Amino acid sequence: MKVELLPSSIPVTEAQFLVSFLVNDVVAVDAGPLGLLSDLARQERVRHVFITHEHLDHVATLPILLENVYSPGPDCIELLGLPDVLDFIHRDIFNGRVWPDFFELSTGANRFVRSTPLTVLEPVERAGLTVTPLPVSHCVDTLGFLVDDGRAAVAFPSDTGPTDEFWAQLSQHRHLRAVFLEASFPAAYADLAAITGHHSTTTFAAEIKKLPGDIRWLVVHRKPRFAAEIAREIEAMGLPNVELVKPGHVYEF
Ligand SMILES: [Zn+2]
Ligand SMILES: [Zn+2]
């Protein structure tokens, strides 16, 4: 399985302002910078976009993406997410003011987008991947995803603070290879992390102990203002199998 955290800074650096992962070029988890890929053919290859939640850093360029890849006909990108999240995206972004209502404009023969509601713990199969929506603990209802190609599985907990069901589900999984876990704040901002449903480096270090085993932990979602401080703190803790994600790098699992 190929996984890339798309870059979201100009010019490309390790600063992460937005969130979008590409899996095997065809499936995306979130659409932060997805509509900014300079190679339009890469945008056109994306067929299924799983949305973890409605926060703007996770859906920012969804309208741009759908416009970029539109061509007349029934083929279109599929959006998958919680029913409420799909509804927020429709009503608050594609509302005919912020952006044209691509949902209303999509008819059977001519579509910009189609949406599929997800249910927690009910896996769906797309593009040779089994994608299981799992609950996490953010300040709004948010899904994490477990993506499995039959040989390797990778987990995307999205935005979350300390959580339990997610790890309980993952612990039953035999070929889990990697988790892209957030660490949004340094230790000094633990209170803010708790209020906003994110990890500080302190809770990050405690959280990874909930899932023992030979798993690669990739640190994502460092708030850019604190990115260097978070990196220093994580390095100082000497945690095994923990590394900072490299935006634009293609990971193979
Ligand atoms: Zn969020
Ligand atoms: Zn976020």
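Residues numbered from 1 in each chain as written. Chains lettered and ligands numbered in written order. Predicted model: local features only at pLDDT ≥ 70, side-chain atom pairs only at ≥ 80, totals over all residues. Heavy atoms only, no water.

## Describing unusual backbone geometry
The amide bond that connects isoleucine 10 to the next residue, proline 11, takes the cis arrangement and shows omega of -10 degrees. With respect to the element layout, proline 11 can be found in the loop between β1 (2-5) and β2 (21-23). Its identity is not glycine, yet asparagine 24 carries a phi of approximately 50 degrees, on the positive side. Examined against the element boundaries, asparagine 24 turns out to sit in the loop between β2 and β3 (27-29). Despite not being glycine, aspartate 30 has its phi angle at roughly 75 degrees, a positive value. Note on placement: aspartate 30 falls in the loop between β3 and α1 (40-45). The exposure class assigned to aspartate 30 is buried, which follows from its relative accessible area of 1%. (Helix = DSSP H or I, 4+ residues; strand = E, 2+ residues; numbered from the N terminus. Buried < 20%, exposed > 50% of the residue type's maximum accessible area, 1.4 Å probe, protein only.)

## A few points about the sheet that holds strand β11 (residues 176-182)
Judged by pairing direction, the sheet is mixed, and its 7 strands sit side by side in the order β7-β8-β9-β10-β11-β12-β13 without closing on themselves. Unpaired on one side and paired on the other, β7 (124-126) and β13 (242-244) mark the two borders of the sheet. Within the sheet, the average angular offset between the axes of one strand and its neighbour, ignoring direction, is 25 degrees. Here 3 bridges tie β7 to strand β8 (residues 129-135), and the two strands are oriented antiparallel to one another. Of the residues in β8, the one forming a bridge with arginine 126 is leucine 129. (Pairing = 2+ DSSP bridges. Axes fitted to C-alpha atoms, helices over the stretch in contact; angles between N-to-C directions.)

## Some details on the coordination of the zinc ion (ligand 2)
For the zinc ion (ligand 2), the full set of protein donor atoms is Asp57 (OD), His58 (NE2), Asp159 (OD) and His221 (NE2), and the range of their distances to it is 2.1 to 2.2 Å. Given 4 donor atoms and angles of 89 to 155 degrees at the metal, the environment of the zinc ion (ligand 2) is assigned as irregular. Donor residues binding the zinc ion (ligand 2) come from one chain and are separated in sequence as D-H-x100-D-x61-H. For the pair the zinc ion (ligand 2) and the zinc ion (ligand 1), the metal-to-metal distance amounts to 3.7 Å, and aspartate 159 bridges them. Here the residue aspartate 57 occupies a position in helix α2 (residues 56-59), and histidine 221 occupies one in the loop between β12 (216-220) and α9 (227-237), the gap between them amounting to 164 residues. Residue aspartate 57 shares its accessibility class with histidine 221, and that shared class is buried. (Donors = N, O, S within 2.8 Å, 3.2 Å for Na, K, Ca; no water. Tetrahedral: all angles 85-135°; square planar, octahedral: opposite > 155°, others 65-115°.)

## Considering the environment of valine 140
With respect to the secondary-structure elements, valine 140 resides in the loop between β8 and β9 (143-148). Given a relative accessible area of 25%, valine 140 falls into the partly exposed group. For the pair valine 140 and glutamate 54, spaced 86 residues apart in sequence, the C-alpha separation works out to 8.5 Å. Non-local contacts of valine 140, meaning those with residues more than four positions away in its chain, are made with His53, Glu54 and His55. (Contact = heavy atoms within 4.5 Å.)

## What about the coordination of the zinc ion (ligand 1)?
For the zinc ion (ligand 1), every protein donor is listed as His53 (NE2), His55 (ND1), His138 (NE2) and Asp159 (OD), and the spread of their distances is 2.1 to 2.3 Å. Each of the 4 donor atoms bound to the zinc ion (ligand 1) contributes to angles spanning 94 to 163 degrees, and the resulting shape is irregular. Look at where the donors of the zinc ion (ligand 1) fall in the sequence and you get H-x1-H-x82-H-x20-D. Judged by relative accessible area, histidine 55 falls into the partly exposed class, the value being 25%. Assessed through its relative accessible area of 2%, aspartate 159 is described here as buried.

## What about empty space enclosed by the protein?
Tallied over the full model, the rule gives 2 cavities of 30 Å³ or more. Of the voids in this model, the largest cavity is the one considered here, and its volume is about 90 Å³. In terms of lining residues, the largest cavity is bounded by 14 residues, among which Val19, Phe21, Ser158, Asp159 and Val220 are the most central. Residues of the lining of the largest cavity, tallied by class, amount to 6 nonpolar, 5 polar and 3 charged. (1 Å grid on protein atoms, 1.4 Å probe; cavity = no way out; pocket = protein on both sides within 12 Å on 5 of 7 lines; lining within 4 Å. Points joined across faces, edges and corners; volume = space filled by probe spheres on them. Nonpolar A, V, L, I, M, F, W, Y, C, P; charged D, E, K, R; others polar.)

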